[in-house]
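Chains, contacts and geometry: an overview
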There are 2 protein chains.
Amino acid sequence: MLSVDEQLEIVQSGTEQVVPLDDLRRKLERSQKTGTPLRIKLGVDPTAPDLHLGHAVPLRKLRQFQDCGHTVVLIIGDFTALIGDPSGRSVTRPPLTLEEVEANAKTYIDQAFKVLDPDKTELRRNSEWLSPLGFADLLAITSKFTVARIIERDDFDKRLKEQKPISLHELLYPMAQAYDSVAIESDVELGGTDQLFNLLAGRELMEKSDMEPQIALTMPLLVGTDGVQKMSKSFNNYIGLTDEPADMFGKVMSIPDKLMPSYFRLATACSLGEIKQIEASLEDGSAHPGKLKRRLACEIVALYYGDEAATAAETAFDRVFKEGSMPKDIKEKTIDWNGELNDAGKVFLPALMAKLQMASSNGEARRLIDGGGVKLDGQALPAKSYELDPLDLKGKVLQVGKRKYLKLG
Amino acid sequence: MLSVDEQLEIVQSGTEQVVPLDDLRRKLERSQKTGTPLRIKLGVDPTAPDLHLGHAVPLRKLRQFQDCGHTVVLIIGDFTALIGDPSGRSVTRPPLTLEEVEANAKTYIDQAFKVLDPDKTELRRNSEWLSPLGFADLLAITSKFTVARIIERDDFDKRLKEQKPISLHELLYPMAQAYDSVAIESDVELGGTDQLFNLLAGRELMEKSDMEPQIALTMPLLVGTDGVQKMSKSFNNYIGLTDEPADMFGKVMSIPDKLMPSYFRLATACSLGEIKQIEASLEDGSAHPGKLKRRLACEIVALYYGDEAATAAETAFDRVFKEGSMPKDIKEKTIDWNGELNDAGKVFLPALMAKLQMASSNGEARRLIDGGGVKLDGQALPAKSYELDPLDLKGKVLQVGKRKYLKLG
């Protein structure tokens, strides 16, 4: 079994904050002395069906705790999803139906167990303890929090100042998920940096319920493939956990070099020793960034599909992108660029696509662009890229889906 | 049966606000057409054991609705009392125990039925519908209110600005009592002026629950016997509903003349016709204020104890105050007034009382004054009357309790 110092080094790797760190050491020491695993909580609201590498960051951290011998309590927030986590939101979430929540929960669990060790995971749904709570119970819980403490959070404060409505039920969210910690007697709770307030509310409620309070451990948000925004479906810069191996491989290869260390740390199963070596080799210039990125892509694909799939994905990648597998016989079409310019001197791509019969209508063209299905010289256009400079189009291969190619003359 | 116009005149008499008045007319018209009584709600949290004439003001108004043929739904807030109405509060109320709530509820009901017609009263406890509410129900209800709407109330706004804590559960109060209106399908809800926010929350929740919304009717706060502050136990200016008839009579006789019209309107069962006559006679100077006050005192005592008790109380009052039943043999003590003056040129009465052996100590003297047990020429001193002008004392009979008299020379 690993020493407390070794465990501390592993579980702190890549974390943003551990509050308070001293208590984590004490808990790990006691756990080792008594042979009792710590209970590591992650609460997830199944509000979206598909997970991406960003969602997998805390799952990876949970796995590290498991590899140190601890128990993960994965809480499916089937009840809290009905409220909707207001963290970082500027508007009230639309409520989900029970059916949506259940369907999302199912895919979430399938995907989460690609990372977690099922033998060391306790899977719970928070409707189990939240749904039976009556009004009197809720009064007892809410009386432990002050309004000021709840509305001081950035997201609420901002909405109040901007006079955007906050629904009263949203104030119950932090308290409901805090009660999860009480119900499962958590030792450590994980979350993204945007979850710190919620995690500390759990700590506070446990203390006020005369329990040993949990430790809050936050993980940084993974930056998306664009190298700028956090990974998110809405920015179309994500790598889905259910992406095909070849897609996943290709998307990892498209990230900027500077993201490699954080991807190794947050998204792979590489050991701390390996990661330190990689970081050192990048710093002293001894590493070949392209080769390293290839290794990163292999590590990530292998994690979700196994080594064989990773090798196959690499081969496929080489065929398409390295050997250049675009059709040899792409037609070229000469465009009257001046005729395509709007008042702002830009080309409205959806209209051009419709005119070139690469899409059946402007509307379809917009949907294709937003869905990432339109590429220029093999690079997918970001969502909402409707108005483009003619210089960015002329001479390039416009690709729609897997089969339609046209060189813009 | 009274016409809608007559009913409107009666129920509007003495009210502060009816929101909205047009809807009240429509409801009364429909009630008359269909022969269905309106449901008039009053919610009371049994947070204190004893009622006074101030509490009786809305009860009197309910009785007028009953006399017009409508049904009163008196809600004992046994559940909401556990939260505590934050209206007008600058601190969180200390929670009451179930036993205290039940004991207070019992005395409240006994006293309320001195005013209400039991045959036209539906007595309910709000634990009946609030206690079974689960977390999911509460989410549905709270989602209908915005945080801004709740914290804009004066009392919350003030506490937030002054950084005084508001407990999260206090935000649930307006919503819980609003749900009472939904549960009992109220047509009109009564309250003091400080309740307007709560009454309108009820109106809002009914509307958002696709029900015909209730009308909010507020009654002014009754001014206490001092003629300055609202009637309240803490100002020691109240007339309790369980005060002995003679006490009640005497206290009414002690109010300033200017309060008579509002007392006739808010605290007696006089008809609107009588009240108008009284007001006219006061205005044109044809009334004898002393006689009128005597009638007021009789009306009020008769309301709670019957006509006979009222007559007896008047006789007793005459014996003591009119015929002057003070002992004939009161000793006179010459005081060295200059020796009693403090820096401000005032006499510190507690010290004088102790010196004259009318009290065992300054502290006891203060307590006697605060308790209303010290009189000058038969008039009880208000609480905290410690420093007095010597001219207000010289030549008067100082009376402590029922037996100690001394003429101050």
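For the structure itself, consult the block above.
1. Description of the relation of the copies chain A and chain B
For the pair chain A and chain B, the relating rotation is 178 degrees, the translation along its axis is 0.9 Å, and the fit reaches an RMSD of 1.3 Å. The superposition operator between the copies reduces to a two-fold rotation axis. Of the C-alpha atoms belonging to chain A, the one lying closest to the rotation axis is found on Gly-134 of chain A, 1.4 Å away. When the interface residues of chain A are mapped onto chain B, 100% of them again fall at the interface, so both copies present the same face.

2. So, the sheet that holds strand E13 (residues 404-408) of chain B
Residue and element names in this part refer to chain B. In spatial order, the strands read E7-E13-E12-E9-E10; together these five strands make up an open sheet with mixed pairing. Here the strands that pair on one side only, and so sit at the sheet edges, are strand E7 (332-333) and strand E10 (379-380). In this structure, strand E12 (residues 397-400) lies alongside E13, joined through four bridges in antiparallel fashion. Bridging across to E13, Gln-399 finds its partner in Tyr-405.

3. Considerations on the interface of chain A and chain B
With 27 residues of chain A at the contact, the number on the chain B side is 27 residues. Both sides together, the interface formed by chain A and chain B hides about 2400 Å², and carbon and sulfur atoms give 85% of it. It is Phe-135, Val-147 and Leu-168 of chain A that lose the most area in chain A upon contact with chain B, and together they represent 32% of the buried surface on that side. Taken together, chain A and chain B are joined by zero salt bridges. Along the contact surface separating chain A from chain B lie eight residue pairs in polar contact (both at pLDDT 80 or more). Where the side of chain A that touches chain B is concerned, the elements lending two or more residues are helix H7 (135-142), helix H8 (147-151) and helix H10 (172-184) of chain A.

4. Concerning helix H12 (residues 245-253) of chain B
Looking at H12 of chain B, one finds that the buried residues are Pro-245, Met-248, Phe-249, Val-252 and Met-253 of chain B. Burial along H12 of chain B is one-sided: seen end-on, the buried residues are contained in an arc of 135 degrees.

5. Here's the deal with the pattern of salt bridges
Scanning the model with the defined rule gives 62 salt bridges over all chains in all. One salt bridge connects Glu-9 of chain A with Lys-276 of chain A, and the closest N-O pair in it is separated by 2.4 Å. Pair noted here: Glu-9 of chain A is in helix H1 (residues 4-12) and Lys-276 of chain A is in helix H14 (residues 272-283), with a separation of 267 residues, a long-range link. The partly exposed category is assigned to Glu-9 of chain A, whose relative accessible area is 39%. Judged by relative accessible area, which is 42%, Lys-276 of chain A ranks as partly exposed. Close ionic contact of Glu-340 of chain B with Lys-355 of chain B constitutes a salt bridge, the shortest N to O distance being 2.6 Å.

Rules of the game
- Residues numbered from 1 in each chain as written.
- Chains lettered and ligands numbered in written order.
- Predicted model: local features only at pLDDT ≥ 70, side-chain atom pairs only at ≥ 80, totals over all residues.
- Heavy atoms only, no water.
- Least-squares fit on C-alpha atoms with pLDDT ≥ 70 in both.
- Contact = heavy atoms within 4.5 Å.
- Pairing = 2+ DSSP bridges.
- Helix = DSSP H or I, 4+ residues; strand = E, 2+ residues; numbered from the N terminus.
- Buried area = accessible area lost by both parts, 1.4 Å probe.
- Salt bridge = Lys/Arg side-chain N within 4 Å of Asp/Glu carboxyl O.
- Polar contact = N/O pair within 3.5 Å; in protein donor to acceptor, adjacent residues only side chain to side chain.
- Buried < 20%, exposed > 50% of the residue type's maximum accessible area, 1.4 Å probe, protein only.
- Arc of directions from axis to C-beta.

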